[in-house]
Amino acid sequence: HLWALIANGGIALILGLTALILSVRINIKSSFALAKVSLIEAWRSGSWAVLGSFMTALQSQSYIYLLLFLRGASSVAEMNAARLFLSPLLVMSAGLSRVMIPKMALLKAAGDINQAVKIAIKVMLALIVMLIFYLGIVMFAWDWLSGYMEDKSYENLGLLVAMWGV
């Protein structure tokens, strides 16, 4: 499976670079200068987000590789099956962050950091309450939900779902 991922990434890289090279219609030298200026500007205002993005990727994807090497592909399948039950909350959280980031940026630009922190705390508490409520419903209805799973080996995922929720 690892070789398939590497091959897929390599092919995507080659196709992306090919498309980039074929789509450049302006002077290469001026495009590199523009890219350099844009990169410097983006780095000044967003360098703090690099560590956050790295940590998010590490938290959300590293378990796959660890499980694959330590326990095998069947463990990865079980963990991903359990994680699917929390997908509605993940989508809601991502959507909420898309709305909140510009709001927080406006508050920061206006110098109202205290209001931004208050809103962030309220949003985080609301997400925690929704997670607890949703997880409670899933755990309460687990016997009923697991009856609809075609593969009976997934019937005992309740504990893994609860762990993902925590």
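Scroll up a little and you will see the structure.
Every chain's residues receive numbers from 1 upward, in the order its sequence appears when written. For a predicted model such as this one, the threshold for reporting local features is a pLDDT of at least 70, and the threshold for listing and counting side-chain atom pairs is 80 or more; totals across whole chains, interfaces and linings nevertheless cover every residue. Values shown for side chains rest on all heavy atoms present in the structure; no hydrogens or waters enter the calculation.

Colleague: I would appreciate a short explanation of the overall build of the protein in the present structure.
Modeller: Counting secondary structure elements, the protein contains eight helices and zero strands. Note on conventions: DSSP H or I runs of at least 4 residues are helices, E runs of at least 2 residues are strands, and numbering of each starts at the N terminus. In sequence order, the secondary structure elements of the protein are arranged as α-α-α-α-α-α-α-α. Going through the 166 residues of the protein one by one, you find that 16% of them count as buried. By definition, residues are in contact when any of their heavy atoms lie within 4.5 Å. Across the protein, the fraction of contacts at a sequence separation of at least 24, relative to all contacts at a separation of at least 6, is 54%. For every accessible area listed, the method is Shrake-Rupley and the probe measures 1.4 Å; residues are considered covered only by the protein chains on display. Only carbon and sulfur atoms are counted for the fraction: they give 73% of the accessible area of the protein, which is about 13000 Å². To sort residues, take the accessible area from a 1.4 Å probe on protein chains only and compare it with the maximum for the residue type: under 20% means buried, over 50% means exposed, and anything in between is partly exposed.

Colleague: What am I meant to see in helix α4 (residues 73-84) here?
Modeller: The periodicity of an α-helix, 3.6 residues per turn, causes residues three or four places apart in sequence to face the same way. Here α4 contains 12 residues, and its C-alpha end-to-end distance of 17 Å stays within 8% of the 16 Å for a straight helix at 1.5 Å per residue. For α4, the set of buried residues is S75, V76, M79, A81 and A82. The inward-facing, buried residues of α4 abut α3 (48-70) and α8 (158-165). Expected helix span is computed as 1.5 Å times (number of residues minus one).

Colleague: What should I look at first to understand the packing of α4 against α8 in this one?
Modeller: Helices that pack against each other are described as a pair by the angle of their axes relative to one another and the distance between those axes. The contact between α4 and α8 brings their axes to 8 Å, and the two run at 65 degrees. Viewed along their axes, α4 and α8 adopt a mutual orientation that is roughly perpendicular. At the point where α4 passes α8, the crossing takes the right-handed sense. When α4 is examined against α8, the residues E78, M79, A82 and R83 are found in contact with a partner set consisting of L160, V161 and W164. Fitted lines through C-alpha atoms give the axes, limited to the stretch in contact for helices. The angle between two N-to-C directions lies from 0 to 180 degrees. Each angle is binned into one of four classes, with values under 35 degrees roughly parallel, values over 145 roughly antiparallel, values of 65 to 115 roughly perpendicular, and all other values oblique. By convention the crossing between two helices is left-handed if the near helix lies anticlockwise of the far one by an angle smaller than a right angle, and right-handed if it lies clockwise.

Remember, this is a structural readout, not a statement about activity or role.
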